[in-house]
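Structural features, examined
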Amino acid sequence: MPTNVELILCTCPDKATAKKLAHLLVSKKLAACVNIIPGITSVYSWEEQIESVTEQLLLIKTSTGHYAAIETLLFKYHPYELPEIIAVPIERGLPEYLDWITTCLSTKQ
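Residues numbered from 1 in each chain as written. Predicted model: local features only at pLDDT ≥ 70, side-chain atom pairs only at ≥ 80, totals over all residues. Heavy atoms only, no water.

Some remarks on the sheet that holds strand 4 (residues 86-89)
Here we have four strands laid out as an open sheet, ordered 2-3-1-4, and antiparallel in their pairing. At either margin of the open sheet sits one strand with a lone partner, and together these are strand 2 (33-46) and strand 4. Sheet twist, expressed as the average angle between the axes of neighbouring strands with direction ignored, equals 30°. With eight bridges connecting them, strand 1 (residues 5-12) and strand 3 (residues 49-63) associate as antiparallel partners. By the bridge assignment, L7 is partnered in strand 3 with K61. (Pairing = 2+ DSSP bridges. Helix = DSSP H or I, 4+ residues; strand = E, 2+ residues; numbered from the N terminus. Axes fitted to C-alpha atoms, helices over the stretch in contact; angles between N-to-C directions.)

Some remarks on the pairing of strand 3
Note: strand 2 against strand 3, 12 bridges, orientation antiparallel. When the sheet's bridge partners are listed, V43 is paired in strand 3 with S52. As consecutive antiparallel partners, strand 2 and strand 3 are separated by two residues, and within that stretch E47 has a phi angle of approximately 50°, a positive value.

Comments concerning unusual backbone geometry
The phi dihedral of K29 falls on the positive side, at around 60°, and the residue is not glycine. Here K29 lies in the loop between helix 1 (15-27) and strand 2. Looking at K29, the relative accessible area reads 46%, which means it is partly exposed. (Buried < 20%, exposed > 50% of the residue type's maximum accessible area, 1.4 Å probe, protein only.)

Shape is all these values report; function is a separate question.
Following this line, the structure appears as structure tokens:
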């Protein structure tokens, strides 16, 4: 059964940026939890060049209603010209965990 909870993915260039963005999102109650996965390798095309860099991946747990505010915050504070911001709906999960996510979030959207 679909939920109103989603997972937002965002890569960051370094640990300091990842921690800053994670703390901003949680302190503003836009995300219940942000996992930081260090040391991922991203290979991508940028300005007609193939790039390969080490990044940190943010896994942001939130509600669908908070997406716009999260996108705005990430775009404002992220150092990349074009940051990766991708939302994936969470179709299923432990009901108590999904409820916990929504109780941690601001009621203002």
